[in-house]
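# Structural characterization, general
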Amino acid sequence: ADYEQLVGGVETLFGAGGQSIEEYADSVGKSVDDVSAEYNNLMKAQDAVLDHANKAYETAGLSANAYMETVTSFSAALISSLDGDTVKAAEVADKAIVDMSDNANKMGSSMESIQNAYQGFAKQNYTMLDNLKLGYGGTKEEMQRLLDDAGKLANQKFDLSSYADIVEAIHVVQENMGIAGTTAKEAATTIQGSIGMMKASWTNFVTGLADENADLSTLMDAVIDSFVTVVDNIAPKVIEILPKIAGAVEYIIGGIAGYLPDMLNEL
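Bear in mind that the values here come from a model prediction, so they are computed numbers and not experimental data.

Attention shifts here to the environment of Phe205. Following the sequence through the fold, Phe205 ends up in helix H11 (residues 191-208). Sequence separation of Phe205 and Asp215 is ten residues, and the distance between their C-alpha atoms is 9.2 Å. Residue contacts for Phe205: discarding those within four places in its chain leaves Leu216, Leu219, Met220 and Val223.

Laid out in structure tokens, this is it:
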């Protein structure tokens, strides 16, 4: 049920609201030929968001539902700041969500607090900028300082009035601090990260069972691949600790053995 509702939100924000090209042409009062290019761009943007959502278990440690819930919370402001370019907005939105997850993993903040900060930025509210723990306080002036610093790093100017520029600037700063890409790296190389990835892939599979259009084979492959990654990360630790456990048991038995004759005699 959540999946159906969230996909509808993505279709409304990035696509043509689930309409066919004929229906879309009728809704805007134009011919099919006139809206063909525009419609194709909307479908391209919509498909990009859904594709990013399906891969989010690996890139952002999120299920497809959680990804779509996040992306729809700030995309209206993002699309507006990009003059309606939904294709570009789909890519910038994905960058923002991956940055949120990377920040949560690296800086120890809750994902919810970071999402709230980004939603605030979309409304020109910068009080939660310090939630990102990047060294900037929660004021408009501090956000401007972040944009200026990012501008120097990227050799370009970021505009405070553009939500897309704020997202890009935060990405530049996090990249410079070595935060960018940590979620995907942890998903591949750490126990906690790979377990999080496996949980998200399993959620996607369960959701797919109720979707007649879902590719269950692909969803199951993601679960299997995630499980194998978990095993790859856990197995070396198990192999490392087994000899220590065996040694400890031997030591304990050796200690007890010295008391056995007296204990048996008492019995």
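What follows continues from the structure just given.
Another point: the packing of aromatic side chains. Applying the stated rule across the entire model yields five aromatic pairs. For the pair Tyr24 and Tyr39, a centre-to-centre distance of 5.9 Å together with 50° between the ring planes defines the contact as tilted. One end of the pair, Tyr24, is in helix H2 (residues 21-28); the other, Tyr39, is in helix H3 (residues 32-59), and 15 residues separate them in sequence. Tyr39 shares its class with Tyr24; the two are buried.

The next thing to look at is a negative patch on the surface. A cluster of acidic side chains, namely Glu58, Asp215, Asp221 and Asp225, defines a negative patch on the protein surface. Tracing the sequence through the fold places Asp221 in helix H12 (residues 216-257). By relative accessible area, which is 40% here, Asp221 ends up partly exposed.

Summed over all chains, the structure comprises five salt bridges. A salt bridge links Asp149 to Arg145; its shortest N-O distance comes to 4.0 Å. Here Asp149 and its partner Arg145 are both found in helix H8 (residues 140-154), four residues apart, which amounts to about one turn of the helix. Classification of Asp149 as partly exposed rests on a relative accessible area of 24%. Look at Arg145 and you get partly exposed, because its relative accessible area is 35%. One salt-bridge network, held together by shared partners, links Glu142, Arg145 and Asp149.

Glancing now at the nonpolar core. Within the largest apolar cluster, 52 residues are counted, with the highest numbers of intra-cluster contacts made by Phe14, Leu78, Tyr118, Phe121 and Leu146. Of all the elements in the fold, those that place two or more residues in this core are helix H1 (2-14), H3, helix H4 (64-72), helix H5 (75-81), helix H6 (86-107), helix H7 (111-122), H8 and helix H9 (163-176). The next biggest cluster of nonpolar side chains, apart from the first, holds eight residues, and it includes Ile21, Ala25, Val35 and Met43.

Three- or four-residue spacings in an α-helix give side chains the same orientation, since the helix completes a turn every 3.6 residues. Taking 1.5 Å as the rise per residue, H8 with 15 residues should run 21 Å; its terminal C-alpha atoms sit 21 Å apart, in good agreement. Every buried residue of H8 is listed here: Glu142, Met143, Leu146, Leu147, Ala150 and Gly151. In this fold, the buried residues of H8 make contact with H7 and H9. Trailing H8 by a residue or two, Asn155 shows a phi angle of about 60°, which is positive.

Together, Tyr251, Ile252, Ile256, Tyr259, Leu260, Met263, Leu264 and Leu267 line one region of the surface with nonpolar side chains, adding up to about 990 Å² of accessible area. When residues of the nonpolar patch are traced back to their parent elements, those giving at least two are H12 and helix H13 (260-266). By secondary structure assignment, the location of Leu260 is in helix H13. Judged by its relative accessible area of 37%, Leu260 is partly exposed.

The next point concerns the side chain of Thr183. By the secondary structure assignment, Thr183 is in helix H10 (residues 182-189). Here the side chain of Thr183 touches Ser101 through a polar contact of 3.0 Å, side chain to side chain. Side-chain polar atoms of Thr183 contact the side chain of Asn105, separated by 2.8 Å. Apart from the residues lying within four places of it in its own chain, the contact partners of Thr183 are Thr59, Ala60, Gly61, Ser101, Asp102 and Asn105.

Cut-off values and rules
Residues numbered from 1 in each chain as written. Predicted model: local features only at pLDDT ≥ 70, side-chain atom pairs only at ≥ 80, totals over all residues. Heavy atoms only, no water. Helix = DSSP H or I, 4+ residues; strand = E, 2+ residues; numbered from the N terminus. Contact = heavy atoms within 4.5 Å. Phe/Tyr/Trp six-rings, centres within 6.5 Å; stacked < 30°, edge-to-face > 60°. Buried < 20%, exposed > 50% of the residue type's maximum accessible area, 1.4 Å probe, protein only. Patch = residues over 30% accessible without salt bridge, like charges linked within 9 Å, V, L, I, M, F, W, Y side chains within 5 Å. Areas by Shrake-Rupley, 256 points an atom, 1.4 Å probe, with all protein chains shown as cover. Salt bridge = Lys/Arg side-chain N within 4 Å of Asp/Glu carboxyl O. Lys, Arg positive; Asp, Glu negative; His and termini not counted. Charge placed at Lys NZ, Arg CZ, Asp CG, Glu CD. Core = buried A, V, L, I, M, F, W, Y, C linked by side-chain atoms within 4.5 Å. Expected span 1.5 Å × (residues − 1). Polar contact = N/O pair within 3.5 Å; in protein donor to acceptor, adjacent residues only side chain to side chain.

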